[in-house]
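# Notes for the structure review
Each chain, written out:
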Amino acid sequence: MEPRGTKRRAEKTEYHGDARALRYYSPPPTNGPGLNFDLRDGYPDRYHPRDEEVREGLDHLLRWLLEHRDQLEGGPGWLAGAVVTWRGHLTKLLITPYEQQEGWQLAASRFQGTLYLSEVETPAARAQRLARPPLLRQLMYMGYKFEQYMCADKPGGSPDPSGEVNTNVAFCSVLRSRLGSYPLLFSGEVDCMAPRAASTQPPTCYVELKTSKELHSPGQWRAFYRHKLLKWWAQSFLPGIPHVVAGFRNPEGFVRSLRTFPTMEMFEHVRNDRHGWSPSVCVNFCAAFLSFAQSTVVQDDPSPMPSSPRLVHLFSWEPGGPVTVSVHRDAPYAFLPTWYVEAMTA
Ligand code: A3P
Ligand code: MG
Ligand code: MG
């Protein structure tokens, strides 16, 4: 945890190679009193938000990779053919065919065969973040506050909503998978694990938590299935998180009902909807992009040592347009840290 009470200073989060930040799913008893989670409680005095000016890139994931590369099944040969990135970047790629508002930029570098992808904040996203209205800031807090009502620190324990909401602390799981013909190694934040799940094997035991406005009319549900469920599906499908538990909040910010959405059943809600989304369209776009990136970024860099990794292909996309690519060297786009390159080369 970061020291409190100090002046705002760019402070990086700490890496711990263990599950100390993992929390345990602990929903309220179904036979208890009616649900009434006040998501505004504690805002802003018991809120310790992450400093969004600090861009940590792939650093924590690279640290994990460095420590575990000898245990990877398939060895260095497997890693050399893989794409390494954050789950959140893949989520953005998956929903691209349906995205009409926000573009993205992904920086790519090849090193010892492996293709590393790291998101770059677009100027528009940065401007939006800096101008984020107070209500939206509170809404962000409310999503995290919901997690606090639903999770305990120990298996079988009870949630403690009296504490601070600290978004500097997160548990991330590292997974291997493949999309199209490309092996993937990626990491994503996991909200909690269900200690009483049918299987205690990750990722089957993981649960994703979400909040949404209370929905009343069939039209509101339709819009929810078209837009929100697409994002929820894209986030949980790749890591194989089987359940998303949603808390529905009323206009006063109280969660009065919960509903579980099995990830693999989300598509059923839009299967017969002309304006719905399709998992295969998402997966095909993502696979096509990875294939394009693999064939575009040919040169393995850094070479020669001891320079830090310098060559970056920047892939950019804006709604309605094609994916474009530009080539850069060094700052500000180079993202593979020297400590990583040196340790991998040693
Ligand atoms: P909700 O999902 O309930 O909106 P995650 O769901 O991925 O675990 O993220 C936890 C919370 O972080 C979200 O809760 C939301 O409040 C906030 N959050 C995550 N990504 C965000 C984004 N791109 N913009 C705004 N808030 C975000
Ligand atoms: Mg989360
Ligand atoms: Mg969540």
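In what follows, the accompanying structure is described.

Procedures and definitions
Residues numbered from 1 in each chain as written. Chains lettered and ligands numbered in written order. Predicted model: local features only at pLDDT ≥ 70, side-chain atom pairs only at ≥ 80, totals over all residues. Heavy atoms only, no water. Salt bridge = Lys/Arg side-chain N within 4 Å of Asp/Glu carboxyl O. Helix = DSSP H or I, 4+ residues; strand = E, 2+ residues; numbered from the N terminus. Buried < 20%, exposed > 50% of the residue type's maximum accessible area, 1.4 Å probe, protein only. Donors = N, O, S within 2.8 Å, 3.2 Å for Na, K, Ca; no water. Phe/Tyr/Trp six-rings, centres within 6.5 Å; stacked < 30°, edge-to-face > 60°. Lys NZ or Arg CZ within 6 Å of the ring centre and 35° of its normal. Arc of directions from axis to C-beta. Contact = heavy atoms within 4.5 Å.

In the structure shown here, the tally under the stated rule is 17 salt bridges. Residue Glu 147 is joined to Arg 23 by a salt bridge in which the shortest nitrogen-to-oxygen separation is 2.8 Å. With a gap of 124 residues between them, Glu 147 in helix α5 (residues 134–150) and Arg 23 in the segment before β1 (24–25) connect regions that are remote in the sequence. Given the relative accessible area of 8%, Glu 147 is considered buried. Two residues, Asp 273 and Arg 222, come together in a salt bridge whose shortest N-O distance is 3.1 Å. With Asp 273 in the loop between β14 (254–262) and α7 (279–296) and Arg 222 in helix α6 (residues 218–237), the pair connects residues that are 51 residues apart, well separated along the chain. Assessed through its relative accessible area of 13%, Asp 273 is described here as buried. Each of Glu 53, Arg 55, Glu 121, Arg 126 and Arg 129 takes part in salt bridges that share partners, so that together they form one network.

Let's shift gears to the coordination of the magnesium ion (ligand 3). At the metal site, the magnesium ion (ligand 3) is ligated by Asp 191 (OD), Glu 208 (OE) and Leu 209 (O), and these contacts range over 2.0 to 2.2 Å. Along the chain, the residues that donate to the magnesium ion (ligand 3) are spaced as D-x16-E-L. Taken as an interatomic distance, the gap from the magnesium ion (ligand 3) to the magnesium ion (ligand 2) is 3.5 Å; Asp 191 donates to each of them. With a gap of 17 residues between them, Asp 191 in the loop between β10 (182–189) and β11 (192–193) and Glu 208 in strand β12 (residues 206–213) connect regions that are remote in the sequence. On the accessibility criterion, Asp 191 (3% relative accessible area) is buried. A relative accessible area of 3% places Glu 208 in the buried class.

A word on the packing of aromatic side chains. Considering all chains together, one arrives at 24 aromatic pairs under this definition. Judged by centre distance (4.9 Å) and plane angle (70°), the ring pair of Tyr 47 and Tyr 141 falls under edge-to-face. Of this pair, Tyr 47 sits in strand β3 (residues 47–48) while Tyr 141 sits in helix α5; the two residues are 94 residues apart in sequence, bridging distant segments of the chain. We classify Tyr 47 as buried; its relative accessible area is 14%. Under the relative-accessibility criterion, Tyr 141 is labelled buried at 0%. Between Phe 111 and Tyr 340 the ring centres are 6.2 Å apart and the planes differ by 65°, which places this aromatic pair in the edge-to-face class. Highlighted residues: Phe 111 in strand β5 (residues 104–111) and Tyr 340 in helix α8 (residues 338–345), separated in sequence by 229 residues. Since its relative accessible area comes to 3%, Phe 111 is described here as buried. Cluster of aromatic residues (ring-pair linked, three or more members): Trp 221, Phe 224, Tyr 225, Trp 232, Phe 248 and Phe 261. For Lys 145, the ring lying beneath its charged end belongs to Tyr 149, and the centroid distance is 5.3 Å.

Attention shifts here to helix α1 (residues 59–68). Every buried residue of α1 is listed here: Asp 59, Leu 61, Leu 62 and Leu 65. For α1, the angular spread of the buried residues around the axis is 160°, confining them to a single face. Next to the buried residues of α1 lie α2 (75–80), β4 (83–86), β6 (114–120), β9 (172–179), β10 and α8.

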